[in-house]
Amino acid sequence: MTADYWVCPYEITIEGENVRSLHAYGADSIQALQLAISKVGSELQCFYPGHFTMDGSSEIGFPVADEGMTQQK
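Residues numbered from 1 in each chain as written. Predicted model: local features only at pLDDT ≥ 70, side-chain atom pairs only at ≥ 80, totals over all residues. Heavy atoms only, no water.

Enquirer: Help me understand the overall build of the protein, please; the structure alone is not making it clear to me.
Expert: Check the secondary structure of the protein and you find 1 helix and 2 strands. Counted from the first residue to the last, the protein has its helices and strands arranged as β-β-α. Scored against the burial criterion, the 73 residues of the protein give a buried share of 25%. The contacts of the protein with a sequence gap of at least 6 include a subset with a gap of at least 24, amounting to 39%. (Helix = DSSP H or I, 4+ residues; strand = E, 2+ residues; numbered from the N terminus. Buried < 20%, exposed > 50% of the residue type's maximum accessible area, 1.4 Å probe, protein only. Contact = heavy atoms within 4.5 Å.)

Quick look at the structure:
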């Protein structure tokens, strides 16, 4: 990666679980934020499937990237 990028750090803390501190890189601040939001959705879906619901729906309001995401532990 070149030095011309933006970083958006984020954390996921689940009650009784470890904190996951991660980050997303983007060409500008908006892209870094959008990627971080998408990564939050992917992380929740991957590591906590079915754990979160919104009004009984499995859709929790975070967009999820279908391709190109890898599981990190």
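Enquirer: What is the right way to look at the confidence of the model for the protein in this model?
Expert: Caution applies to low-pLDDT parts of the model: their predicted coordinates are not meant to be read in detail. Taken residue by residue, the protein gives an average pLDDT of 78. The fraction at 70 or more is 79%. Per-residue pLDDT, averaged within each element of the protein, yields its smallest value for helix H1 (residues 29-47) (88) and its largest for strand S1 (residues 6-13) (92). Residue range residues 68-73 is modelled with pLDDT below 50. Its contacts to residues more than four positions away, or to other chains, number 9 contacts. (pLDDT = per-residue confidence, 0-100.)

Enquirer: Honestly, the pairing of strand S2 (residues 19-26) in this entry has me stumped. Any pointers?
Expert: Note on strand geometry: in a regular strand, side chains alternate between the two faces of the sheet. Side chains Arg20, Leu22, Ala24 and Gly26 of S2 all project onto a buried face; the interleaved residues Val19, Ser21, His23 and Tyr25 project onto a face where none is buried. In this sheet, S2 lies alongside S1 in antiparallel orientation, the contact comprising 8 bridges. When the sheet's bridge partners are listed, Glu11 is paired in S2 with Ser21. Linking two consecutive strands that pair antiparallel, namely S1 and S2, is a turn of 5 residues; a positive phi of about 80° is found at Gly16 within it. (Pairing = 2+ DSSP bridges.)

Enquirer: Where do I start with H1 in this structure?
Expert: Residue pairs three or four apart in sequence face the same way in an α-helix, which turns once every 3.6 residues. For H1, which comprises 19 residues, the first-to-last C-alpha distance of 27 Å matches the rise-based estimate of 27 Å (1.5 Å per residue) to within 8%. Of the residues making up H1, those classed as buried are Ala32, Ala36, Ser38, Lys39, Val40, Gly41, Ser42, Glu43 and Leu44. Where H1 is buried, its residues meet S1 and S2. The backbone nitrogen of Ile30 has a side-chain oxygen 3.2 Å away, supplied by the residue at the start of H1, namely Asp28. (Expected span 1.5 Å × (residues − 1). Polar contact = N/O pair within 3.5 Å; in protein donor to acceptor, adjacent residues only side chain to side chain.)

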